[in-house]
Amino acid sequence: MVDPFVRWALLPAVLLSLFVLAACSSQPGDTQITVLAAASLKVPFTEIAETFEREHPGTTVRFNFAGSSDLVAQLQQGAPGDVLATADEATMRAAQTAGLTS
């Protein structure tokens, strides 16, 4: 179970990321966002996505939950993704160093 403090500490950053992605869509009202997230974040991110989809009709949030290093490997192999949320800073730094994030 994810610490409730961590869940709510992540909420603003995740919602902001999703909002920016939805706002940048070329097809208003028909947006799909793909989130690659650490398996340990499944419960809070699913809750966040449900709220976000209710507040932004026409937006669908798809998830790919896996281990953080597996997610980075998937990106290196060309997997699509709009948001990357790893469970640790070292893996996120590795993704940034590899040029997999913007």
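Residues numbered from 1 in each chain as written. Predicted model: local features only at pLDDT ≥ 70, side-chain atom pairs only at ≥ 80, totals over all residues. Heavy atoms only, no water.

**Some points on the overall build of the chain**
So the rule is basically this: A run of H or I in DSSP becomes a helix once it reaches four residues, and a run of E becomes a strand once it reaches two; helices and strands are each numbered from the N terminus. In this scheme, a residue with accessible area under 20% of its type's maximum is buried, one over 50% is exposed, and one in between is partly exposed, where area comes from a 1.4 Å probe on protein chains only. Any pair of residues with heavy atoms lying within 4.5 Å of one another is described as a contacting pair.
Secondary structure assignment for the chain yields 4 helices and 3 strands. Its helices and strands in sequence order give the chain the pattern α-β-α-β-α-β-α, from N to C terminus. Expressed as a percentage of the 102 residues in the chain, the buried residues total 30%. Nonlocal contacts in the chain, meaning residues at least 24 apart in sequence, comprise 65% of its contacts between residues at least 6 apart.

**Looking at the pattern of salt bridges**
Side chains carrying opposite charge are able to pair once their charged atoms draw close together. We apply this condition: The working definition used for a salt bridge is a side-chain nitrogen of Lys or Arg within 4 Å of a carboxyl oxygen of Asp or Glu.
Here the structure, examined in full by the defined rule, presents 1 salt bridge. For Arg93, the salt bridge is made with Glu89, and the minimal N-O distance between the two is 3.6 Å. In this pair, Arg93 and Glu89 are both assigned in helix H4 (residues 89–97), 4 residues apart and thus about one turn of the helix distant. For Glu89, a relative accessible area of 61% translates into the label exposed.

Geometry only, nothing functional implied.
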